[in-house]
Amino acid sequence: MSLVEVKDLTVEFGAVRAVDGLSFELAKGAALALVGESGSGKSTVAGALLGLHRGTGARVGGSVRVAGTDVRDAPDEELRRLRGAKAAMVFQDPLSSLDPYYAIGDQIAEVHRVHTRVSRRAARARAVEVLERVGIPDAARRSRSRPHEFSGGMRQRALIAMALACEPDLLIADEPTTALDVTVQAQILDLLHTLRQETGMGLLLVTHDVGVAAESVDDVLVMRHGRAVEHGPVGTVLAAPAQAYTRRLLDAVPRVDTRRTSSPAGEEVVLEADGVRREYGRGRRAFAAVDDVSLTVRRGETLGVVGESGSGKTTLGRMLVGLLRPTAGGVRYEGRPHTGVNPAVQMVFQDPVSSLNPRRSVGESIADPLRARGENDDERVRGRVTELLERVGLDREHYDRYPHEFSGGQRQRIGIARALAADPRVIVCDEPVSALDVTTQAQVVDLLGELQRELGLALVFIAHDLAVVRQVSDRVAVMRGGRLVEYGPADEVYDSPREDYTRQLLAAVPSLDPELAARRRAARGEPAVA
């Protein structure tokens, strides 16, 4: 009997059918990826496997069996026994999935006690054991830490540890590597492979990143509008896709070996960082987030800034814009020292949800730079904002809508429109596509390139995705521990990196070839799964 059996699954939210007649099976110990764009129904399917739509008003049809349990018709008590004990889920955002008030170890111990009825001491010991298993250093001490004291990768490991506490037969991982840098992403994927080998558990991976699927699973199911488009062995689907939609999805995936067509960049330096340093804390606790970084941005070019989380990329970007004052060194615009916010240097932030006021219409948010310059004529402001909305591919009617009414890609376009409102010469883009699916990613990248060509903009493109940075950059700066470790033309940095660290970053980029992914995993020291 299969570990998971789904037949003719439908899930409806009001008039919207999010999943439409989906069927698939997952054998014990096997791994399947659900791949598709945002809104394709992937996470809805994952939630249906654990009965998470019960009581939400959603209408669920068809048949879902997980580890012998009929999820649709099982009583609540039986579902509680299934969740965590036989099937566990790792959610997309670990920070919102963990209670900020309780220690990580206590949260894992609670899950273990609910299903096993062991003593508090035994549950705490189990929590430390699984934290050690997922690679948390000094697990006994770190188990007493709160979620905010862990990095993004460590929080994801903690969620995996929580899922493993009761040794489930099935692990459901919903976008487990979204917004993680390439080295941490590789570590999480290697960990999932190793756990599969050691425990024999099945894995259902939900992802919009086709490269992550190639690294992690045996089979892949491509979804679109709630339906299955293509289903088969991962090597076959990725190497020779039968469906046009799958081919389009693969064509949108950025490749680390794809060179950018050179942009018409000039020699004029519009923005320069000269030995900038930014310290946080005082005395013995002081540390430098950015340490003695010097670089230039030329008119019309794109400078890519890459590095792991915590390398200082965002801090550097905020100093270039003027949102942070350097502790030492300085920033020059057009050859002149500049402090404070510079209207000619704007920023597109990583998270458009938190950077847009939910209580104001997007039109009013885009209008802020215009009003800050002294434009008080409401008619002229509205006209300029509607021009900007249309320029970034949105409708003028969107002026009066609110941020929650837009998709992630649309919100990022709104952020770009707001940056353009100040008529900048430089835009600093901080992880502008990190949480977007590959087709939306490609649309945002194409939009930025189009605007750059038409307006002569210089772009600073901060990202942890080395493939995207290769696609858009003329020059690349590699950061580690707050310092610049490599800096030069993109083709030189990617094709002939001088530093071991740069080579490690490039080796961690997901490959669309499952055999190459297995060889890389073996080279990193984790057992490979063919």
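By convention here, each chain's residues receive numbers from 1 onward along its written sequence. In keeping with the model being predicted, local features are shown solely for residues with a pLDDT of at least 70 and side-chain atom pairs are shown and tallied solely at 80 or more, while totals for entire chains, interfaces and linings include all residues. Excluding hydrogens and water, the side-chain values take into account all heavy atoms of the structure.

*Asks:* Got a minute to help me understand the packing of helix α5 (residues 120–133) against helix α7 (residues 152–164) in this structure?
*Replies:* For any two helices packed against each other, one specifies the crossing angle of their axes together with the interaxial distance. Only C-alpha atoms enter the line fits that serve as axes; for helices the fit covers just the stretch in contact. Angles between N-to-C directions range over 0 to 180 degrees. Starting at the N terminus, helices and strands are each numbered in turn, a helix being any DSSP run of H or I of at least four residues and a strand any DSSP run of E of at least two. With their axes 9 Å apart at the nearest point, α5 and α7 run at an angle of 125° to one another. As far as their axial angle goes, α7 and α5 are oblique. As α5 packs across α7, the resulting crossing turns out to be right-handed. Contact residues: α5 offers R126, V130 and L131, while α7 offers A158, A161 and L164. Gly is put with the polar residues, along with every residue not named as nonpolar or charged; the nonpolar set is Ala, Val, Leu, Ile, Met, Phe, Trp, Tyr, Cys and Pro, and the charged set is Asp, Glu, Lys and Arg. Residue classes in the contact of α5 with α7 are distributed as five nonpolar, no polar and one charged. Each angle gets one of four labels, with under 35 degrees taken as roughly parallel, over 145 as roughly antiparallel, 65 to 115 as roughly perpendicular, and the rest as oblique. Note on convention: near helix rotated counterclockwise from far helix by under a right angle means a left-handed crossing. Clockwise means right-handed. Contacts are assigned to residue pairs that have any heavy atoms within 4.5 Å of one another.

*Asks:* Would you take a moment to explain the environment of A518 for this structure?
*Replies:* By the secondary structure assignment, A518 is in helix α21 (residues 514–524). Taking relative accessible area as the criterion, A518 reaches 12% and is therefore assigned buried. In the structure, A518 is positioned 303 residues away from E215 in sequence and 7.3 Å away in space, judged by C-alpha atoms. When accessible area is computed with a 1.4 Å probe and restricted to protein chains, residues below 20% of their type maximum are described as buried, those above 50% as exposed, and intermediate ones as partly exposed.

*Asks:* Is there a simple way to explain unusual backbone geometry in this structure?
*Replies:* Only a minority of non-glycine residues have a phi that is not negative, and only a minority of peptide bonds are not trans. Unusually for a residue other than glycine, A67 sits at a positive phi of about 50°. Its place among the elements puts A67 in the loop between β4 (59–66) and β5 (69–70). Positive phi, close to 50°, is recorded for E175, a residue that is not glycine. Considering the arrangement of structural elements, one finds E175 in the loop between β7 (170–174) and α8 (182–199). According to the relative accessible area criterion, E175 is buried, its value standing at 7%.

*Asks:* Looking at this model, I keep getting lost on the domain arrangement of the chain. Mind explaining?
*Replies:* It is common to give the size of an interface as the accessible area that goes away when the parts come together. Boundaries between domains were set according to an automatic or database domain assignment. As assigned here, the chain comprises domain 1 (1–84 + 194–253), domain 2 (87–167), domain 3 (266–344 + 424–443 + 452–511) and domain 4 (356–423). Using only C-alpha atoms to locate each centre, domain 1 and domain 4 end up separated by 37 Å.

*Asks:* I keep staring at the side chain of R142 and nothing clicks. Help me out?
*Replies:* Tracing the backbone shows R142 in helix α6 (residues 139–142). All tallies of charge rest on Lys and Arg as positive and Asp and Glu as negative; His and the ends of each chain are not included. The salt bridge definition used is simple: a Lys or Arg side-chain nitrogen within 4 Å of an Asp or Glu carboxyl oxygen. We note that R142 is buried and unpaired, the nearest opposite charge coming from E149 at a distance of 6.5 Å. Polar contacts, as used here, are pairs of N or O atoms within 3.5 Å; protein pairs need one atom able to donate a hydrogen and one able to accept it. Residues neighboring in sequence count only if both atoms are side-chain atoms. From its side chain, R142 meets the backbone oxygen of E149 in a polar contact 3.1 Å long. Ignoring sequence-local partners within four residues, the contact set of R142 consists of I136, P137, E149, F150 and M154.

*Asks:* How do you make sense of the layout of surface pockets when you look at a structure like this?
*Replies:* To find leftover empty space, a probe the size of one water molecule is rolled over the atoms. Throughout, the protein atoms alone are placed on a 1 Å grid, and a set of points is a cavity if a 1.4 Å probe fits but cannot get out or a pocket if it is open with protein on both sides within 12 Å along at least five of seven lines; lining residues have an atom within 4 Å of a point. Grid points are joined across faces, edges and corners, and a volume is the space filled by probe spheres set on the points. Estimated volume of the second largest pocket: approximately 560 Å³. In terms of lining, the second largest pocket is formed by 37 residues, of which the most central are D209, D465, A467, V509 and P510. Within the residue set of the lining of the second largest pocket, elements represented by two or more residues are α8, α9 (210–216), α17 (438–455), α18 (466–472) and α21. Residues that form the lining of the second largest pocket fall into these classes: 18 nonpolar, ten polar and nine charged.

*Asks:* Could you clarify how one ought to interpret the packing of aromatic side chains in this entry?
*Replies:* Aromatic rings in a pair are described by how distant their centres are and how their planes are angled relative to each other. For Phe, Tyr and Trp, rings pair up if their centres lie within 6.5 Å, where Trp contributes its six-membered ring, and each pair is then called stacked (planes under 30 degrees apart), edge-to-face (over 60) or tilted (otherwise). Scanning the entire structure with this criterion turns up one aromatic pair. Here the guanidinium or amino end of R278 rests over the ring plane of Y280, the centre of that ring lying 5.0 Å away. Two conditions define a charge located above a ring, namely a distance within 6 Å from the ring centre to NZ of Lys or CZ of Arg, and an angle within 35 degrees of the ring normal. The positively charged end of R382 is found above the aromatic ring belonging to Y399, 4.0 Å away from the centroid.

*Asks:* Looking at this model, I keep getting lost on the sheet that holds strand β17 (residues 426–430). Mind explaining?
*Replies:* In any sheet, the strands associate via hydrogen bonds between backbone groups, in a parallel or an antiparallel arrangement. Any two strands between which DSSP finds at least two bridges are classified as paired. Spatially, the six strands line up as an open sheet ordered β16-β17-β18-β13-β19-β20, and their pairing is mixed. In this open sheet, the two strands that pair with only one neighbour each are β16 (345–348) and β20 (483–489). Between one strand axis and the next, the sheet turns by 15° as a mean value, whatever way the strands run. Contacting β13 (302–306), β17 and β18 (458–462), α17 runs over the sheet at an angle of about 155° to β18.

*Asks:* Even after reading the chapter, I still don't get the sheet that holds strand β12 (residues 287–298), so can you show me in this structure?
*Replies:* A sheet is described by the order of its strands in space; here four strands give the open sequence β12-β11-β14-β15, paired in antiparallel fashion. Each end of this open sheet is capped by a strand with a single partner; those strands are β12 and β15 (336–337). The sheet contact formed by strand β11 (residues 269–280) and β12 spans eight bridges and is antiparallel. Considered in β12, the bridge of V276 is made with V293. Running at roughly 125° to β11, helix α12 (residues 313–321) makes contact with β11, β12 and β14 (328–333) of the sheet.

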